[in-house]
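Survey of secondary and tertiary structure
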Amino acid sequence: MMHSSRRKPVLYFKEDRRFLSGRCTIYKLFGLCMVLLLVSLMWLQLGCSGETSTDVRGDRRPPQPALCPPDGGQASAADDPSWGPHKLALIVPFRERFDELMAFVPFMHTFLNKKKIRHNIVVINQVDHYRFNRASLINVGFLESSNDTDYLAMHDVDLLPLNEALDYGFPVEGPFHVASPELHPLYHYKTYVGGILLLTKKHYRACNGMSNRFWGWGREDDEFYRRLRKAELQLFRPRGITTGYKTFLHIHDSAWRKRDQKRVASQKQEQFKVDPEGGLTNIRYQVESRQELIISGAPCTVINAKLECDQDRTPWCLLA
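None of these values were measured; they are calculated from a predicted model.

1. Some words on helix H3 (residues 98–114)
Compared with an ideal rise of 1.5 Å per residue, which puts 17 residues at 24 Å, H3 spans 25 Å between its outermost C-alpha atoms and is within 8% of the ideal. Taken across its 17 residues, H3 has twelve buried, putting it largely inside the fold. When we look at burial in H3, the residues that qualify are Phe98, Glu100, Leu101, Met102, Phe104, Val105, Pro106, Met108, His109, Phe111, Leu112 and Asn113. With its phi angle positive at about 55°, lysine 116 sits one or two positions after the end of H3.

Printed below as a string of structure tokens:
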């Protein structure tokens with residue numbers, strides 16, 4: 001949608017190149033100026049200020065579709081009280097993957113509405129200079145989510161459910177791993193609890209959230225699996241889903257966006273250890289801003305968060 005709107009002006013000029021043929025007159029020049037003005041206005045309206053941002057460190061990043069402000073469209077309902085007493089905080093840890101977010105928010109909003117799941121999509125955008133910390137961002141999402149939500153989904157932005165039989169309802173019996181190893185397109189080991197995991201807020205607090213020690217990509221889910229066991233919470237997974245590894249669409253482009261899998265300093269040894277104290281009790285962060293956005297008619301809350309790092313305890317939060 002965003003790319004097609006940007007191509008319109010080029011196609012428009014191709015179709016009207018005959019306008020410049022023949023002898024140039026004042027009237028033709030005036031007409032050309034009016035056409036340019038009209039095209040500029042159309043570009044601004046359709047693109048929602050589609051400038052490509054550049055990292056302050058000079059890194060080259062892929063084009064980032066701009067997020068339209070709340071007045072860019074009418075949001076459809078996400079909180080119909082007749083759908084039941086429970087409300088989901090769908091927490092999305094996020095950094096710079098704007099094209100995936102533009103697809104994710106309207107897709108999930110429509111998916112949950114069809115299932116009559118009251119929900120609030122909460123995108124936790126990491127805006128500090130440290131390495132990405134998925135677990136800490138989920139902790140921030142839990143603490144910053146509204147009080148009218150009583151359960152959460154720890155949800156990757158690049159994983160879309162394709163089977164409407166998947167259950168996103170209140171996990172009354174215990175944590176419910178939607179993206180189970182039998183269904184996830186990439187990860188199939190038995191202790192895997194990543195991708196999409198539903199918990200009540202009571203159960204998440206019983207685990208003290210997730211460890212804040214995991215900077216870079218991976219391992220935080222494996223440590224959280226141990227927390228679930230320590231809290232004596234029964235883990236549940238889907239039944240009767242016959243679509244196998246085609247149950248989800250994985251929209252991450254690994255060739256374009258390399259994952260930060262580096263292990264530096266003592267991180268190689270520490271990544272396999274249980275963090276007995278860290279979690280909700282020692283998360284340190286600042287909320288820079290909070291924005292209510294509408295993306296293709298779907299509402300979401302974007303919280304720009306700056307994480308803090310104790311470099312004495314986790315020096316690997318920065319790459320040398």
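More follows now that the structure is in view.
2. Section: the side chain of aspartate 156
Among the secondary structure elements, aspartate 156 is positioned in the loop between strand E3 (151–155) and strand E4 (159–161). Of note is the side chain of aspartate 156, whose polar atom sits 3.0 Å from the side chain of arginine 134.

3. Quick notes on the pattern of salt bridges
In the structure shown here, the tally under the stated rule is 13 salt bridges. In this structure, the salt-bridge partner of arginine 97 is glutamate 100, at a minimum N-O distance of 2.7 Å. Of the residues examined, arginine 97 reaches a relative accessible area of 17% and is grouped as buried. For glutamate 220, the salt bridge is made with arginine 134, and the minimal N-O distance between the two is 3.2 Å. Placement of glutamate 220 in helix H6 (residues 220–230) and of arginine 134 in helix H4 (residues 134–144) is noted, with a sequence separation of 86 residues between them. Sharing partners across several salt bridges, the network here consists of Arg134, Asp156, Glu220 and Asp221.

4. Section: the confidence of the model for the protein
Parts of the model with low pLDDT should not have their predicted coordinates read in detail. Of all residues in the protein, 69% have pLDDT values of 70 or greater, and the mean over the chain is 81. Overall, residues 46–73 carries pLDDT values under 50, and its contacts beyond four positions in sequence, including any with other chains, amount to 45 contacts.

5. A closer look at unusual backbone geometry
Even without glycine at this site, glutamate 96 takes up a positive phi of about 70°. One can find glutamate 96 in the loop between strand E1 (88–94) and H3. You can call glutamate 96 partly exposed: its relative accessible area is 26%. Although it is not a glycine, serine 296 sits at a positive phi angle of roughly 50°. Mapping serine 296 onto the fold places it in the loop between strand E8 (285–295) and strand E9 (298–307). We classify serine 296 as exposed; its relative accessible area is 67%.

6. Re the environment of threonine 191
By secondary structure assignment, the location of threonine 191 is in the loop between strand E5 (176–177) and strand E6 (196–200). Between the C-alpha atoms of threonine 191 and aspartate 221, which are 30 residues apart in sequence, the distance is 9.0 Å. In contact with threonine 191, other than residues within four places in its own chain, are Tyr225 and Arg237.

7. Describing the state of the cysteines
Summed over all chains, the structure comprises one disulfide. A sulfur-sulfur distance of 2.1 Å marks the disulfide that ties cysteine 309 to cysteine 317. On the sign convention where negative is left-handed, the bridge of cysteine 309 and cysteine 317, at about -90° about the S-S bond, is left-handed. Residue classification places cysteine 317 among the buried positions, given a relative accessible area of 0%.

8. With respect to the nonpolar core
Core analysis: the biggest nonpolar cluster contains 35 residues, and Leu88, Leu90 and Tyr168 have the highest contact counts within it. Taken together, the elements giving at least two residues each to this core come down to E1, H3, strand E2 (119–126), E3, E4, E6, E8 and E9. Broken down by element, the residue count for this core peaks at eight residues, all from H3. Filtering out sequence-adjacent residues up to four positions away, tyrosine 168 remains in contact with Leu88, Met108, Phe111, Leu112, Lys115, Ile117, Tyr151, His155, Pro161, Val178, Ile196 and Leu198. Listed in part, the 31 residues of the second largest apolar core include Leu137, Phe142, Met154 and Leu199.

What counts, and where the lines are drawn
Numbering of residues starts from 1 in each chain and follows the order in which that chain's sequence is written. At least 70 in pLDDT is required for a residue's local features to be given in this predicted model, at least 80 for side-chain atom pairs to be given and counted, and no such filter applies to totals for whole chains, interfaces and linings, which use all residues. Note that water and hydrogens are dropped before the side-chain values are worked out from all heavy atoms of the structure. Helix and strand definitions follow DSSP, with helices as H or I runs of at least four residues and strands as E runs of at least two, each counted in order from the N terminus. One fewer than the residue count of a helix, multiplied by 1.5 Å, yields its expected span. Whether a residue is buried, partly exposed or exposed follows from its accessible area with a 1.4 Å probe, protein chains only, as a fraction of its type maximum: under 20%, in between, or over 50%, in that order. Polar contact is the term for a pair of N or O atoms within 3.5 Å; when the atoms are in protein, one must be able to donate a hydrogen and the other to accept it, and sequence-neighboring residues count only if both atoms are side-chain atoms. Salt bridges are counted wherever a side-chain nitrogen of Lys or Arg sits within 4 Å of a carboxyl oxygen of Asp or Glu. pLDDT runs from 0 to 100 and stands for how confident the predictor is about each residue. In this description, contact between two residues means that some pair of their heavy atoms is separated by no more than 4.5 Å. Only a pair of cysteine sulfur atoms within 2.5 Å counts as a disulfide in this structure description. Side-chain atoms within 4.5 Å are what join buried Ala, Val, Leu, Ile, Met, Phe, Trp, Tyr and Cys residues into a set we call a nonpolar core.

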